[in-house]
Amino acid sequence: MNTIPTLNPIAKPCHSQFIAQDWEILAQYWYPVARIQDVSTQLQRVTLLDINMALYQTEAGHIHLIRDVCPHRGVPLSKGWVEGEEIICLYHGLRYNGAGKCTKIPAQPDLTTISERFSLTQFPVILRYGLIWTSLHARDTTQTNIPVFDTWDNADHQAILPPYVDIAGSSGRQLEGFIDVTHFAWVHHQAFADRDNPVVPKYHTERTEYGLKTVYISNVSNYPHGLQHLAPADFLWVRTFEVYPPFSAILSIDFPNDGVLKILNACCPVSHNQTRLFVPITRNFDQTGDLESVYAFNAQIFTEDQAMVESQKPEELPLDLMMEAHFEADRSSTTYRRILAEWGLSQRYTV
């Protein structure tokens, strides 16, 4: 079992607007906090559930994620720098190694034994799908809620990782919007859908050991409007949503000629009403096509969704099903809400 200890206890920050019970539950799960390609020897701050972390890579290439605070006088370690395999705090020059241990206090260079109180809080790191995943409280890296994105390392599929998207909205609202098929005709009519074709055929949703699975079949093409001529007239589009609560889901879309497009929607709940969204993509067709067009189409879709998420009221995802109205095509959303409620999250939990 691969585990990393928490050297200092972690509690919900006093400034956090999460309900304490919800924060404690969500802290047990795994979330992406950065793209691997963005990590360097320059320390950077990332935030998960209002906990600030410092992320860096040593000169030997080892990636570390630590709480962004020096235990000496509370200055963010992300203001410091990397030397070899150690980081140096800007304020008083204290040095810390990859195990989180203080190795030198420059003001007392002859000190042979340094107190354990100068140890850093470290977080586990899992590298998967081009992303860095971590958890505040979980330490067993073999037991995770990270989605199974089986085409990412498949040689027959092209792996694409667009820039992340920062959303001033809750992760619960964002994830629910991603699995919602009824908004296609209204929100994405400029991208691929059609307001003259708004009907949602009945679809199947079922509980799974990881969360829920929905299979939705319709005649709404997934090609951008400029490429709609590529879709056969009688082709039925199969969209399969696999939801890994709390805030990740995979959408698989069957294209003509055995093409498969997969999109991982992976939320980092930065704060109660702030989400950093990562969207790894794979496809087994058009692999020599222009990636800029993929980035642009992806950005258009998520920008359209972002406008909805950032405007929703209440900002929280209501888990009490009586708090909002629902119709039959909302079964994926209502199943998702029921799962979160069964976990013990509050009926108006603030994320």
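Here we summarise the structure given alongside this text. Position labels on residues start from 1 in each chain and follow its written sequence. Only residues with pLDDT of at least 70 are given local features in this predicted model, and only at 80 or more are side-chain atom pairs given and counted; all residues enter the totals for whole chains, interfaces and linings. Here the side-chain values reflect all heavy atoms present in the structure, with hydrogen atoms and water set aside.

Re the packing of aromatic side chains
For any pair of aromatic rings, geometry is given as the distance between the ring centres together with the angle between the planes.
Turning to step 1, where the next piece is worked out: Ring pairs are drawn from Phe, Tyr and Trp, using the six-membered ring of Trp, whenever the two centres fall within 6.5 Å, and their geometry is named by plane angle: stacked under 30 degrees, edge-to-face over 60, tilted for the rest. Taken as a whole and judged by the stated rule, the model has 15 aromatic pairs.
Turning to step 2, where the next piece is worked out: On the numbers, 4.9 Å between centres and 85 degrees between planes, the contact of W237 with F255 is edge-to-face. With W237 in strand β15 (residues 237-244) and F255 in strand β16 (residues 248-255), the pair connects residues that are 18 residues apart, well separated along the chain.
Turning to step 3, where the next piece is worked out: The rings of Y223, F235, W237, F255 and F285 are connected pair by pair, giving a single aromatic cluster.
Turning to step 4, where the next piece is worked out: In our convention, an over-ring charge means Lys NZ or Arg CZ found within 6 Å of a ring centre and within 35 degrees of that ring's normal. One Lys or Arg, R331, reaches over the ring of Y203 and ends 4.8 Å from the middle of that ring. Helix and strand assignments come from DSSP, with helices taken as H or I runs of at least 4 residues and strands as E runs of at least 2, each series counted from the N terminus.

Some details on unusual backbone geometry
Turning to step 1, where the next piece is worked out: The omega torsion of the bond from P245 to P246 falls at 10 degrees, within 30 degrees of zero and hence cis.
Turning to step 2, where the next piece is worked out: One can find P246 in the loop between β15 and β16.
Turning to step 3, where the next piece is worked out: Between K313 and the following residue, P314, the backbone shows a cis peptide bond with an omega angle of -5 degrees.
Turning to step 4, where the next piece is worked out: Summarising the element assignment, P314 is placed in the loop between α4 (291-309) and α5 (331-342).
Turning to step 5, where the next piece is worked out: Unlike most non-glycine residues, Y129 shows phi in positive territory, near 60 degrees.
Turning to step 6, where the next piece is worked out: Within the fold, Y129 resides in the loop between β9 (126-128) and β10 (131-134).
Turning to step 7, where the next piece is worked out: Phi is positive for D286, close to 50 degrees, though the residue is something other than glycine.
Turning to step 8, where the next piece is worked out: Along the polypeptide, D286 turns up in the loop between β19 (281-283) and α4.
Turning to step 9, where the next piece is worked out: Throughout, exposure labels follow a simple rule: accessible area from a 1.4 Å probe, protein chains only, divided by the maximum for the residue type, with under 20% read as buried, over 50% as exposed, and the rest as partly exposed. Judged by relative accessible area, which is 47%, D286 ranks as partly exposed.

What to know about the sheet that holds strand β1 (residues 31-35)
Turning to step 1, where the next piece is worked out: Ordered in space as β1-β10-β9, the 3 strands form an open sheet in which the pairing is antiparallel. Bordering the open sheet on either side are β1 and β9, each of which pairs with just one other strand. Averaged over all pairs of adjacent strands, the angle between their axes in this sheet comes to 35 degrees, without regard to strand direction.
Turning to step 2, where the next piece is worked out: Any two strands with at least two DSSP bridges between them are considered paired. Sheet topology places β1 next to β10; 4 bridges connect them, and they run antiparallel. Bridge assignment links A34 to a residue of β10, and that residue is I132. Whenever a helix is involved, its axis is fitted only over the stretch in contact; in every case the axis is a line through C-alpha atoms, and angles between N-to-C directions fall within 0 to 180 degrees.

A few points about the pattern of salt bridges
Pairs can form between side chains of opposite charge whenever their charged atoms are close.
Turning to step 1, where the next piece is worked out: Between Lys or Arg on one side and Asp or Glu on the other, a salt bridge is scored when a side-chain nitrogen of the former is within 4 Å of a carboxyl oxygen of the latter. In this structure the tally under the stated criterion is 14 salt bridges.
Turning to step 2, where the next piece is worked out: The shortest N-O distance in the salt bridge between R35 and D38 comes to 2.9 Å.
Turning to step 3, where the next piece is worked out: Within this structure, R173, E176, E324 and R337 form a network of salt bridges that share partners.

Topic: the pairing of strand β3 (residues 51-57)
Turning to step 1, where the next piece is worked out: Burial of β3 is extensive: 5 of the 7 residues sit out of reach of the surface.
Turning to step 2, where the next piece is worked out: Pairing geometry for strand β2 (residues 44-48) and β3, over 5 bridges, is antiparallel. Counterpart to Q44 in the pairing with β3 is L55.
Turning to step 3, where the next piece is worked out: Between β2 and β3, which pair antiparallel in sequence order, lie 2 residues; one of them, L49, sits at a positive phi of approximately 50 degrees.
Turning to step 4, where the next piece is worked out: Here β3 pairs with strand β4 (residues 63-67) via 5 bridges, running antiparallel. Its bridge partner lying in β4, Q57 is registered against I63.

A short note on α5
Turning to step 1, where the next piece is worked out: Helix length check: α5, at 12 residues, gives a terminal C-alpha distance of 16 Å against a target of 16 Å (1.5 Å per residue), a fit within 8%.
Turning to step 2, where the next piece is worked out: Every buried residue of α5 is listed here: S332, S333, T334, T335, Y336, R337, I339 and L340.
Turning to step 3, where the next piece is worked out: In this structure, the buried side of α5 is in contact with α2 (171-179), β13 (204-207), β14 (212-218) and β15.
Turning to step 4, where the next piece is worked out: Two residues or fewer past α5, G344 is found with a positive phi of approximately 105 degrees. Helix span, expected: 1.5 Å multiplied by one less than the number of residues in the helix. Whether two residues are in contact is decided by their heavy atoms, any of which lying within 4.5 Å being enough.

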